[in-house]
Amino acid sequence: MNRIHILTDDVRNKIAAGEVIERPASVVKELVENSIDAGATAITVAVENGGKDSIQVSDNGCGMSADDALLSLERHATSKIKTVGDIIHIGTLGFRGEALPSIASVSKLTLITRTAAMDVATQIDIDFGRLEGVTQASSNPGTNITVRGLFKALPARRKFLRSAQAELRHILKYIHYQAVLYPGIGFKLFVDGSQRLSFVATDNKQDRMGEVFGAGFFSDDLIPVQAESDGYVLDGYIFGLEDRSDKLSDMQYTFINGRYIQDKTIKHSIKSAYEPFILKTRAWQKGSTPPYVLFLSIPAEQIDVNVHPAKQEVRFREQQKVHSFVFLTLTEALKTYEYEKYASAREKFHHGAQVHQATSAEQSIFRSAVDVPRFGEYKKEFGNLYQEELFPAEPPAARKVEVPVVDHDKRERDSQLEISDDLPNESFQYRLLLRNEEDYINPWQLHNTYIFIQVEDGLVVIDQHAAHERIIYEKLLQRTQGAPPVRQKLIIPLVIDIPPIIAAEIRDLVEQNLELLEKTGFVLKKFSGDSLVIEEIPAELDDWQGGKIFIEILKELETELETNTDFRDSLAKSIACKAAIKAGKKLTRKEMLNLINQLFACQMPYFCPHGRPLILKMTLGEFEKKFKRQL
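Here the structure is a predicted model, which means the values were calculated and not measured.

I'm lost on a nonpolar patch on the surface in this one. Help?
Taken together, the side chains of Leu-70, Leu-131 and Val-134 define a hydrophobic patch exposed on the protein surface, amounting to about 250 Å² of accessible area. Assignment of secondary structure puts Val-134 in strand E5 (residues 130-137). What makes Val-134 partly exposed here is its relative accessible area of 41%.

Explain the sheet that holds strand E8 (residues 194-199) here, please?
Sheets are built from strands that pair by backbone hydrogen bonding, the pairs being arranged parallel or antiparallel. Spatial strand order, E5-E4-E3-E6-E2-E1-E7-E8: eight strands in an open sheet with mixed pairing. The open sheet has two edge strands, E5 and E8, and neither has a second partner. Neighbouring strand axes in the sheet, compared pairwise and without regard to direction, differ in orientation by 10° on average. Here strand E7 (residues 186-191) runs beside E8; their pairing, made up of five bridges, is antiparallel. Paired with Leu-189 across the strands is Leu-197, a residue of E8.

I tried to follow the pattern of salt bridges on my own but got confused; where do I start?
If the charged atoms of two oppositely charged side chains come close together, the side chains can form a pair. Tallied over the entire structure, the rule returns 16 salt bridges. Between Glu-474 and Arg-470 there is a salt bridge; the shortest N-O distance is 2.9 Å. Linking Glu-474 with Arg-470, this pair stays in helix H14 (residues 464-480), spanning four residues, or about one helical turn. Residue classification places Glu-474 among the buried residues on the basis of a relative accessible area of 9%. Three or more residues joined by partner-sharing salt bridges are found here, namely Glu-22, Arg-23 and Glu-167.

Whenever I open this one, the pairing of E7 confuses me. Can you help?
The pairing of strand E1 (residues 42-48) with E7 spans six bridges and is parallel. The residue of E7 that forms the bridge with Ala-42 is Gly-186. In textbook terms, the turn of a hairpin is the stretch between consecutive antiparallel strands, and for E7 and E8 this stretch comprises two residues, one of which, Asp-192, has a positive phi near 50°.

What counts as what
Residues numbered from 1 in each chain as written. Predicted model: local features only at pLDDT ≥ 70, side-chain atom pairs only at ≥ 80, totals over all residues. Heavy atoms only, no water. Patch = residues over 30% accessible without salt bridge, like charges linked within 9 Å, V, L, I, M, F, W, Y side chains within 5 Å. Areas by Shrake-Rupley, 256 points an atom, 1.4 Å probe, with all protein chains shown as cover. Salt bridge = Lys/Arg side-chain N within 4 Å of Asp/Glu carboxyl O. Helix = DSSP H or I, 4+ residues; strand = E, 2+ residues; numbered from the N terminus. Buried < 20%, exposed > 50% of the residue type's maximum accessible area, 1.4 Å probe, protein only. Pairing = 2+ DSSP bridges. Axes fitted to C-alpha atoms, helices over the stretch in contact; angles between N-to-C directions.

So yeah, pure geometry; function would need other evidence.
Below, the structure written as structure tokens:
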């Protein structure tokens, strides 16, 4: 039996490092927050190879004396709390005294610091937890910390780091969070020697938000939020219910007492506030929560920020009170928004064609206010109807699974049978694609989203957006492999300003892949800074939205690249997602037939580019079983 013993300082530091330092972005977070606590008004971050090779954070804060600098590298050494009571009233970002010793134990760290009263700076060098020397150096007042070779002495930890681009993405997001939170601080970020971000200090939070999110942020469908109750303060912006094709679900930011926090209580309160409005109007991407940027201030004694070593979680003393405060504030803001949209729609409908057509949200809100019978009123009357799930997720094991093949005449070919493991082998034979359009009997749409087709022995349902996405995706891939691009030339070339929140990450990728973009249909030229000139666009982009759709493609591309490093594939998926017809769009019979025929000319007509099924089939036999016509 092993005897109990005390762990060495080296082991303890590495355990702490495992809790606090997860990746290069964790190092940047801890050092930048120390700079903010030190009263810095200018913070510069420089990284190499996504932070895996080098991270440097310098500031113009108060600095430290030589004695304090040495103490700061000891575990649980801090100037921010002295007694247990101080923990309850934490007003700083860092206070546990674990960050610097944890970082120093898993890297080569050089700390140079000087107070305004000192003539020379103090330099401390540490090599993976071992003190190498303390010397004097020349430096401006403030602190400069350089971290090299993160986890190089711990190969098991280093192998969990992702690519330089992926690690840089986390650093960029963190700098954006802090830039929004602290507009009075100037932030700069250098990546491999080149400046990527530069936010000038300002007294106006809106100026900083416009700088981070783009000039068009405040012209969007925004709802300002402002409320205060019993020391609780909530302000910021939530998005309205206008229909949109862009994917902004990743822009859901909650800042609590000066920290970016993802809290389940807050998320639930926001979702609960939106839910009745979204359900009533059937708005906003089939029920997903719209974007928001909210700043919540809670009395220090009502929140515990000491529940996680990296301070990524918080605990509320009165959780229900926080939930109710956020829920009621957002509900009131959405009620006001709804009333204004209703009034606007009523005015537009009253004047007919004399004014612009009502927006999607205005139409939905106006219709929802009209008193018409609802299905719910007859729910009891029809409650005893047989309502077994019409399309089960998985067919019963005993039932023969019939899946349509691309072409009846070629169903024996291996190239069709080996498209996917989920597709049938030669024992499954069913002809879906009919030879003549007349053989399709009255294709029609359900909720302008799903196309229903009567076929030889049953019914086929196609998701129109996913189907069109698959068609465009395969066309774009063919173009990247040599097929001629199909483009439309803009009458006037358009200058696009890429929002800073995505420009820092996407800019280099765009510049490195201009030729590939041209093959897909985009003819671009570098203008200046984060601006691009667009001369031609893919023919599939019917709704160009004055160039806004290109920004949405870049946002989608950013999301795709998080899980797919193949730029060609990610680009094709991103463009296809934005160019495809949307759910809710009414199609003519000719448009439906054209979509169906193009779909079954695809190599993989059964799934969208992201792998979701886009076809459901139900045979007459299955219908008869549902209605108990046969066993």
